[in-house]
Amino acid sequence: MQSTSPPKATLFSAAVIVAALGYFVDIYDLILFSIVRVASLTELGVTPGSPAMTNQGLFLINMQMGGMLLGGILWGILGDKRGRLSVLFGSILLYSLANIANGFVTTIDQYAWLRLIAGIGLAGELGAGITLVSESLSKEQRGYGTMIVATVGVSGAMLGYWVGHKFGWRNAYFVGGGLGLALLVLRVSVFESGMFQQVQAQAEVVRGNFLSLFTNPARLGKYLRILLIGVPLWFVVGILVTLAPEFGKALGITGVVDAGLAVFWCYFGLVFGDFFSGGLSQLWHSRNKALKVFLGFCAALVAVYLFGVKGATPTTFYGVCFVLGISVGFWALFVTVAAEQFGTNLRATVATTAPNFARGAVVGLVPAFKALSGALGFVPGAAVLGGLTLVVAFWAVSTLPESYGKDLDYVEE
């Protein structure tokens with residue numbers, strides 16, 4: 001291992017503030033389709049409540065998540081080769097322009113391709129921001145820094161709900177794009193990571209080699225376990241919450257369930273979950289212990305969502321969505337662990353690809369859910385799939401090295 005000497009920033013430095021606001025806009029745009037799915041597809045000719053509404057919605061989610069898979073690799077490699085700030089700039093610019101264009105769509109095909117492009121753009125901001133914050137703060141403070149980034153960031157979903165319902169789905173896309181472009185102005189106040197600059201000056205160090213994650217068995221095993229930890233969150237958000245109206249019917253909820261409200265309450269819960277999971281990991285001096293507690297909490301709430309609210313009112317259902325959101329609020333912790341497990345020359349690659357591959361797991365979760373729900377039923381199929389993702393994630397955490405307090409001042413050989 002080779003050493004560098006990173007400078008230390010304060011907890012409320014420009015890097016933390018810009019990363020937090022960037023993730024706020026990122027989440028606004030990422031979740032916006034789930035919020036405006038029914039309204040936007042209805043205007044584009046899809047019949048509300050029909051199988052086509054579900055199928056077209058899942059298709060568009062897959063396009064967005066597929067873009068995030070591609071973007072995760074692209075921005076991750078660029079983050080280690082060109083720098084963390086270049087990724088912050090490029091990704092924000094791309095998803096901002098794509099979302100503005102989304103406000104003008106007139107066909108499903110246009111919608112799909114623009115969600116793909118937006119997904120590619122959305123893939124870069126979180127990983128670059130978390131990497132920059134992790135490398136800029138001391139090892140005692142970086143957990144608090146990433147906690148601030150995530151807690152502020154996930155609240156973007158609530159703004160997305162309010163704008164979408166207050167001003168309509170097209171204007172909601174325009175607002176998201178405009179917020180992203182405005183954020184670029186703040187980016188000029190942020191300095192590049194000192195760790196990255198010193199590694200960049202070492203010509204012999206290979207940076208951003210994505211394939212090197214697969215050529216070393218120990219490195220590959222660690223990387224795959226990190227990916228598995230994030231999958232349950234996107235099972236909850238991508239299946240349970242996005243399809244809340246459909247689950248409401250299957251569970252016999254006594255009124256109409258609004259997809260946007262379900263997303264709103266879930267992400268409101270995520271604000272608290274990210275704060276508590278990050279805080280617990282700092283208090284306990286253990287990322288892994290906090291992750292295990294939240295995965296167990298998530299398993300209990302998935303069971304409540306699927307089997308404990310039959311015949312309940314929409315208000316009760318939204319309350320469960322809120323607590324379910326708290327239970328999956330280990331997202332900040334997951335991304336922090338990803339950044340802490342690898343050296344400076346691969347850190348952005350891992351921290352950017354990991355959350356996007358976890359998000360992109362929706363591409364595999366959707367057909368798996370369709371197959372299981374077709375064979376077992378809508379609710380039992382979701383229970384089997386959710387249980388499997390949670391068990392695997394718990395195993396992954398249990399076998400991953402503890403990263404709290406780890407010195408990040410090294411490179412991968």
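What counts as what
- Residues numbered from 1 in each chain as written.
- Predicted model: local features only at pLDDT ≥ 70, side-chain atom pairs only at ≥ 80, totals over all residues.
- Heavy atoms only, no water.
- Helix = DSSP H or I, 4+ residues; strand = E, 2+ residues; numbered from the N terminus.
- Rg over C-alpha atoms; globule rule 2.2 N^0.38 Å.
- Buried < 20%, exposed > 50% of the residue type's maximum accessible area, 1.4 Å probe, protein only.
- Contact = heavy atoms within 4.5 Å.
- Areas by Shrake-Rupley, 256 points an atom, 1.4 Å probe, with all protein chains shown as cover.
- Lys, Arg positive; Asp, Glu negative; His and termini not counted.
- Charge placed at Lys NZ, Arg CZ, Asp CG, Glu CD.
- Core = buried A, V, L, I, M, F, W, Y, C linked by side-chain atoms within 4.5 Å.
- Patch = residues over 30% accessible without salt bridge, like charges linked within 9 Å, V, L, I, M, F, W, Y side chains within 5 Å.
- Salt bridge = Lys/Arg side-chain N within 4 Å of Asp/Glu carboxyl O.
- Polar contact = N/O pair within 3.5 Å; in protein donor to acceptor, adjacent residues only side chain to side chain.
- Expected span 1.5 Å × (residues − 1).
- Axes fitted to C-alpha atoms, helices over the stretch in contact; angles between N-to-C directions.
- Parallel < 35°, antiparallel > 145°, perpendicular 65-115°, else oblique.
- Left-handed = near helix turned anticlockwise from the far one by under 90°.
- Nonpolar A, V, L, I, M, F, W, Y, C, P; charged D, E, K, R; others polar.

Asks: Even after reading the chapter, I still don't get the overall build of the protein, so can you show me in this structure?
Replies: Looking only at helices and strands, the protein has 18 helices and zero strands in total. For the protein, whose C-alpha radius of gyration is 20 Å, the value lies close to the compact-globule estimate of 22 Å for 413 residues. Expressed as lengths along the three principal axes of its C-alpha atoms, the size of the protein is roughly 60 × 45 × 35 Å. For the protein, the residues scored as buried account for 62% of the 413 residues in total. Taking as baseline every contact in the protein between residues at least 6 positions apart, the subset at least 24 positions apart corresponds to 85%. When the accessible area of the protein is evaluated, it comes to approximately 14,300 Å², of which 70% is carbon and sulfur surface. Seen as two clouds, the 24 positive and the 19 negative side-chain charges of the protein have centres 4 Å apart.

Asks: Looking at this structure, how should I read the nonpolar core?
Replies: Formed by 136 residues in total, the largest nonpolar core has its most connected members in Ile31, Tyr111, Trp234, Leu240, Tyr267, Tyr305 and Phe317. Looking at this core, the element that brings in the most residues is helix H1 (residues 14-43), giving 17 residues. When residues no more than four places from it in sequence are discounted, the contact partners of Tyr111 are Phe33, Val36, Ser40, Leu41, Leu44, Leu60, Asn102, Val105, Trp169 and Tyr173.

Asks: How should I be thinking about a nonpolar patch on the surface in this particular structure?
Replies: A grouping of Phe12, Ile17, Leu21, Val152 and Leu186 is seen on the molecular surface, where their side chains present a nonpolar patch of about 430 Å² in accessible area. Its place among the elements puts Ile17 in helix H1. Among the residues examined, Ile17 registers a relative accessible area of 41% and is labelled partly exposed.

Asks: So what exactly am I meant to see when it comes to the side chain of Gln202 here?
Replies: When you line up the elements, Gln202 lands in the loop between helix H8 (194-200) and helix H9 (212-215). Separated by 3.3 Å, the side chain of Gln202 and the backbone oxygen of Gln198 make a polar contact.

Asks: What's the story with helix H5 (residues 142-154) in this structure? I'm lost.
Replies: Helical geometry: 3.6 residues make up each α-helical turn, so side chains three or four residues apart lie on a common side. For H5, spanning 13 residues, the distance from its first C-alpha to its last is 18 Å, which sits close to the expected 18 Å at 1.5 Å a residue. Looking only at H5, the buried set comprises Arg142, Gly143, Gly145, Thr146, Met147, Ile148, Val149, Ala150, Thr151, Gly153 and Val154.

Asks: Where do I start with the pattern of salt bridges in this structure?
Replies: Side-chain pairs of opposite charge can arise where the charged atoms are in close proximity. In total, this model carries seven salt bridges according to the counting rule given. Of the charged contacts in the structure, one is a salt bridge between Glu246 and Arg37, with a shortest N-O distance of 3.6 Å. With a gap of 209 residues between them, Glu246 in helix H11 (residues 244-250) and Arg37 in helix H1 connect regions that are remote in the sequence. For the residue pair Glu246 and Arg37, the accessibility class agrees, reading buried in each case. Arg347 serves as the salt-bridge partner of Glu135, at 2.9 Å between the closest nitrogen and oxygen. Of this pair, Glu135 sits in helix H4 (residues 108-136) while Arg347 sits in helix H16 (residues 344-360), and the two are 212 residues apart along the sequence. By relative accessible area, which is 1% here, Glu135 ends up buried. By relative accessible area, which is 0% here, Arg347 ends up buried. In the salt-bridge network here, residues are joined through shared partners; they are Asp80, Arg84, Glu135 and Arg347.

Asks: Sorry if this is basic, but what is going on with the packing of helix H10 (residues 217-241) against helix H15 (residues 331-340) here?
Replies: Where H10 contacts H15, the two axes come as close as 10 Å, and the packing angle between them is 165 degrees. Classified by the angle between their axes, H10 and H15 sit roughly antiparallel to one another. When the axes of H10 and H15 are compared, the crossing they make is left-handed. Contacts between H10 and H15 involve Ile226, Ile229, Gly230, Leu233 and Trp234 from the former and Trp331, Phe334 and Ala338 from the latter. Grouping the constituent residues of the contact of H10 with H15 by class yields seven nonpolar, one polar and no charged.

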